[in-house]
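Fold and geometry: a report
This is what each chain is made of:
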Amino acid sequence: MARFRCSVHQITWGAEHLVEALDDIRDFGYLGMETFAYVVDDFNGREDELQSMLAERNLQLSGLYGGGLMHDPSAEAEVIDYNLKVARFLERMDSHHLVLGPGRRPDGGPSSAEIAQMARVVTRICEGARDMGVAVGVHPHWNTVIQNRDEITEFYDQVDTSLVKMVLDPAHVAKAGDDPVEVAETYADIIIYAHMKNYSPELDTPEAAVPHDGLAPTLAFFSELDQGTVDIVAMIEALRGADFDGWLTVELDRSQTTPRQSLEVNTRYMTDVLGFNVGAENN
């Protein structure tokens, strides 16, 4: 039976507004919060402080977003060490999901050698993280090494999928011109974590790349769950059919209004359309 737990990514609030994000996420009753791996440096040796901040708001750390230049041979040792450091931090936080974001897309797209290098590095990270009780998933992502549908196939054909899992973000798949429901159906058995947002082509304008109030300068063409081209309901059904057991993390790189207003819209979709109780486990 599927088990869905709901969390929120802090990205919408900006790195300097962690407490505000935690308060808003608490107010809407979510179980968890995801953020970027920079907290490993911010709270290294002070994990109990972050744990207290979460516990005071009845939140768990659902996961951390790491990754990096996993396709670059010259960065191999550094990127493996970095992500295993993140995994150790997760272990200390009693959190169990590491999201690997691929590195910046090379001009002209990745070569087969670069995808093969990434497969080797990700495998090393997954092997080390497994010993810490941390599951690792690669996040196909716009403007990175693993972006298009054929790159997803090429990468996963080269790894042991009993070890190397997937983090699905339907908006990034849609932005790449591919079908996120098809990806969900094809890889449902290895999807361990999902980011929840939509893609709205009408927002995909030159202004989407302009920095705004210190927040994400790009990816403003992503939108709340009630907008966009992705059939979110069908995606969830594909995961449910494969007995998904993990976190659904509401995420929005940049709000067109305010982070809190966007979270209100997304929460209404999660509850009214998907039928989830964001503060409990759901089947």
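Preceding block: the structure.
Since we're looking at a predicted model, the values are computed, not measured.

What counts, and at which threshold
- Residues numbered from 1 in each chain as written.
- Predicted model: local features only at pLDDT ≥ 70, side-chain atom pairs only at ≥ 80, totals over all residues.
- Heavy atoms only, no water.
- Helix = DSSP H or I, 4+ residues; strand = E, 2+ residues; numbered from the N terminus.
- Rg over C-alpha atoms; globule rule 2.2 N^0.38 Å.
- Buried < 20%, exposed > 50% of the residue type's maximum accessible area, 1.4 Å probe, protein only.
- Contact = heavy atoms within 4.5 Å.
- Areas by Shrake-Rupley, 256 points an atom, 1.4 Å probe, with all protein chains shown as cover.
- Pairing = 2+ DSSP bridges.
- Axes fitted to C-alpha atoms, helices over the stretch in contact; angles between N-to-C directions.
- Expected span 1.5 Å × (residues − 1).
- Right-handed = clockwise from strand over helix to strand, strands pointing away.
- Salt bridge = Lys/Arg side-chain N within 4 Å of Asp/Glu carboxyl O.

With that out of the way, let us pick up the overall build of the chain. When helices and strands are tallied, the chain shows 10 helices and 10 strands. For 283 residues, the compact-globule estimate of 2.2 N^0.38 gives 19 Å, and the chain sits close to it at 17 Å. If one aligns the C-alpha atoms of the chain with their principal axes, the spans along those axes are about 45 × 45 × 40 Å. Burial statistics for the chain: of 283 residues in total, 57% are counted as buried. The contacts in the chain between residues at least 6 apart in sequence include a share of 82% that link residues at least 24 apart. Surface accessibility of the chain: about 11400 Å² in total, with carbon and sulfur atoms responsible for 47%.

Here we take up the sheet that holds strand 2 (residues 32-36). Within the closed barrel, the 8 strands sit side by side as 1-2-3-4-5-6-7-10. Their pairing is parallel. Adjacent strand axes in the sheet meet at a mean angle of 30° when their direction is disregarded. Where strand 3 (residues 60-68) lies against strand 4 (residues 97-102), 5 bridges are found, and the strand directions are parallel. Bridge assignment links Leu64 to a residue of strand 4, and that residue is Leu98.

Here we come to helix 10 (residues 259-273). Between its terminal C-alpha atoms helix 10 stretches 20 Å, which fits the 21 Å expected from 15 residues at 1.5 Å a residue. Those residues of helix 10 that are buried lie in contact with strand 1 (3-9), helix 1 (18-27), strand 7 (191-196), helix 9 (232-241) and strand 10 (245-250). Of the residues trailing helix 10, Gly275 is marked for its positive phi of about 75°.

The topology assignment puts Asp24 in helix 1. Residue classification places Asp24 among the buried positions, given a relative accessible area of 8%. It is 9.9 Å that separates the C-alpha atoms of Asp24 and Gln261, two residues lying 237 residues apart in sequence. Excluding anything up to four places from it in sequence, Asp24 contacts Trp13, Arg260 and Leu263.

With respect to burial, strand 2 is a largely interior element, 4 of its 5 residues being buried. Examined bridge by bridge, strand 1 and strand 2 share 3 bridges and lie parallel to one another. Within strand 2, the position partnered with His9 by the bridge is Glu34. For the segment spanning strand 1, helix 1 and strand 2, crossover handedness is right-handed.

With that settled, the discussion passes to the pattern of salt bridges. Under the counting rule described, the total for this entry stands at 22 salt bridges. For Glu76, the salt bridge identified is with Arg124, shortest N-O distance 3.7 Å. Taken together, the residues span a long stretch of sequence, with Glu76 in helix 4 (residues 76-92) and Arg124 in helix 5 (residues 112-130) at a distance of 48 residues. The partly exposed category is assigned to Glu76, whose relative accessible area is 27%. Overlapping salt bridges bring together Asp23, Asp24, Arg26, Asp27, Glu56, Arg57 and Arg260 as one network.

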